[in-house]
Amino acid sequence: MSETPVPLPPGRTPDDTPSWTWPEAARWSRERPPGWARPGWSALALLLSVAWAVAVEPLVPCSDEAPCGPDWLGAVQVGLVVAQLLWYFRLPEVTLVSAPLLAALVTWNELLTAPGTASRTADSAVVAALALGWAAAQQRLAARQRQRHLVELLCSGARHPLPKDAPGRLPRGTAGVRTGLVLCAVAAAAVGAGLNGTAADAERAAAATAVRGEVTGSGEESLRLRTADGELTVASLYPEEHPVGSTVTALVDGDWSRLAAEPYDAFGWQLLALAAALPGLTLVAASALARRRAGALENAEVPVLRVLLRTDLDGDTWVYSAGDTEGLTPLFSCTVAPCKPAGPGKDAEPDTRMHEALLHGAPHEGGELAVVVAGPDGEPLLARTDSRIRLADEDDVPVFVRGPGSGGEAGTGPGPSVDREAADRAAAAMPPGTRPVRWGPERHTRYLALLPLTGAGFLVANIVRRLVSDGFGWHLGQVLLLPAALTAAALFLGWRVTADRSGLWLTGAWKVEHLPWEDLRAVTHIDGSLEAHRTDGSHWRLADIGIPWLDRRLRRDPSHARAAAEINAMRDHPHLRPTEESPLLDHGMPLGPLLLGACVLWGAALFFA
């Protein structure tokens, strides 16, 4: 059943404004990048190749002939790798520059000087992964350009400025630019301090006297030497690399001394520079792009389209073609401000009715728009995008209607939702409830857990190996990858949702939560993830527990999609809910702590072997 959309205020729509009907909207929706260009694949390829390159990199101990010294070029590479993982998702425009730059650095600093075949192969894999990321970013930007071109063709005779009563220039991105510049200044100061320390150490070393000595013992961060003039104790960052009986060179200048093999260590300053520069550069780039896009809406005549839109219970606005009054096929979503028709001092829920609207601007992934709709008083209300446009996926299920027991009135507007239709189909096939019902991973999903488990094992082995040989250093940053690998493995192996008389028992990677029936608003599945929405506005989420493209190839209905439909059926029809309580064992066990303990034992065994 369709509903009559809330009309636009009379006299606010230019006569030449075209409606974005389904044929044009469908063509626009198809102009999206291919599946391989999704940023997740580029990020995964870069992570795996970098982990491989680090694992096979030969360990070169510090020596008089090859002093350690601060590796500034290596620090830049590490920073760009970390930043690249974020820029793949948020800033494909920056990726077109940063990926070739990082590939050039890896080629110059690693590939051309790699001592073995394994290292050269791994470094080549890193360059290939960066090439994949660059090509994916180019495909995403090309798809955006095609989407803009289609809208501009449709609106070739309907380009108008924003309404005259629109507010002044939107300060979008201003705070981000300022914050980013401050962080970049902190990073520059840290780099300057590190370079000054390196220069001061080199100047002191040039004036010092070289003394050869035999290592007679070591402390936690020192070496004891026997020299021609007696005993000498010098600081050492890596005393394990200088065994007793070996000969080393010490530089001595009065009370100052150090090993010739271990110049000034600028690791602390490098770490501070990266911690400030990465978010700083990201903020500056993202905010500058947002300011440029917002300025384009305000300073020029832009395409105008008639569309339909609805705001769901989570505050996301979904845009539909002009004839899709049932809201069956969303085109894209974003958040807009202000678009919640609440009066002064009120915090009302979103108006979920379908609205006629005018879009100012050419919609495309990552773009920004201005929207004109009818406000609560019937007057025109201008809203602007408060987040980037996200193209709708086939798994997107916006929730517009509260379920029973939500503690509030049903959402305004009875418009159908895909979530309710799936629940009705499940209800028709379900018998009345008695015993508890469980949902968990598919068999092929459990097999996929071998990938993150294998990656975690190699990661722990490499960390321990480098820790034993090098002590504390940059390689310990690989620990940050371990939680992601363990979380993925724990979810692939053991996520579980159990429905019983009292409600839902939700088992994730690290903990179990209980959600009573009276607190459940809806359950949705999006992009291989499962979300249970509570009536207080919060939600519980299992991220990436399914692989949509694999399920489509296997032509199987994934278990998390069945769970969403059947739980919503139980929510809507209480007689379908189980009448028995579930035993504790039925709730499942979070496997994250268990896998973490296994990694700790594996690391300890390697360390003491």
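Residues numbered from 1 in each chain as written. Predicted model: local features only at pLDDT ≥ 70, side-chain atom pairs only at ≥ 80, totals over all residues. Heavy atoms only, no water.

A. Fine view of the overall build of the chain. Looking only at helices and strands, one finds 14 helices and 21 strands in the chain. When the 609 residues of the chain are sorted by exposure, 46% land in the buried category. A separation of at least 24 residues holds for 73% of the contacts in the chain among residues at least 6 apart in sequence. (Helix = DSSP H or I, 4+ residues; strand = E, 2+ residues; numbered from the N terminus. Buried < 20%, exposed > 50% of the residue type's maximum accessible area, 1.4 Å probe, protein only. Contact = heavy atoms within 4.5 Å.)

B. Inspection of the nonpolar core at higher detail. Ranked by size, the top nonpolar core spans 40 residues in total, and within it Trp439, Trp495, Val497, Leu504, Leu530 and Ile567 carry the most contacts. Leave out the neighbours within four places in its chain, and Trp439 touches Trp495, Arg496, Val497, Ala499, Ser559, Arg562, Ala563, Glu566, Ile567 and Met570. Val307, Phe332, Val371 and Val373 belong to the second-largest nonpolar core, a separate cluster that totals 21 residues. (Core = buried A, V, L, I, M, F, W, Y, C linked by side-chain atoms within 4.5 Å.)

C. Spatial organisation of the packing of aromatic side chains. Scanning the model with the defined rule gives two aromatic pairs in all. Relative to Phe332, the ring of Trp28 has its centre 5.8 Å away and its plane inclined at 55°; by these criteria the two rings are tilted. Of this pair, Trp28 sits in helix α1 (residues 22–30) while Phe332 is found in strand β9 (residues 332–334), placing the two residues 304 residues apart along the sequence. Judged on exposure class, the residue Trp28 and its partner Phe332 are both buried. Grouped by ring-pair contacts, the aromatic residues Trp20, Trp28 and Phe332 constitute a single cluster. (Phe/Tyr/Trp six-rings, centres within 6.5 Å; stacked < 30°, edge-to-face > 60°.)

D. Molecular detail of the environment of Glu241. If you trace the backbone, Glu241 turns up in the loop between β4 (230–235) and β5 (247–253). When its relative accessible area of 17% is taken as the criterion, Glu241 is described as buried. Taking the C-alpha atoms as reference points, Glu241 and Cys62, 179 residues apart in sequence, are found 7.4 Å from one another.

E. Seen up close, the side chain of Ser119. Summarising the element assignment, Ser119 is placed in helix α5 (residues 117–154). On the accessibility criterion, Ser119 (8% relative accessible area) is buried. Setting aside chain neighbours within four positions, we find Ser119 in contact with Val56, Glu57, Pro58 and Ala114.

F. Structural context of helix α2 (residues 39–56). Given a rise of 1.5 Å per residue, 18 residues ought to cover 26 Å, and the 26 Å separating the end C-alpha atoms of α2 matches this to within 8%. Contact partners of the buried residues in α2: α3 (72–90) and α5. (Expected span 1.5 Å × (residues − 1).)

G. Focus on the sheet that holds strand β3 (residues 222–227). In space, the five strands of this open sheet follow the order β4-β3-β2-β5-β6, with antiparallel pairing throughout. Looking at the sheet topology across the chains shown, the edges are occupied by β4 and β6 (256–259). In this sheet, adjacent strand axes meet at a mean angle of 45° when their direction is disregarded. Alignment of β3 against β4, held across six bridges, turns out to be antiparallel. Paired with Ser222 across the bridge in β4 is Ala235. (Pairing = 2+ DSSP bridges. Axes fitted to C-alpha atoms, helices over the stretch in contact; angles between N-to-C directions.)

H. Region of interest: the sheet that holds strand β17 (residues 503–507). Spatially, four strands are ordered β15-β16-β17-β18 in an open sheet, and the strand pairing comes out antiparallel. Where the open sheet ends on each side, the last strands, each with one partner, are β15 (437–439) and β18 (512–516). Shown here is a sheet whose adjacent strand axes are inclined to one another by a mean of 15°, direction ignored. Bridge analysis of strand β16 (residues 496–499) against β17 gives four bridges, and the strand direction is antiparallel. Among the inter-strand pairings, Thr498 is bridged to a residue of β17, identified as Trp505. Sheet contacts for helix α13 (residues 559–572): β15, β16 and β17; angle to β15, the most-contacted strand, approximately 150°.

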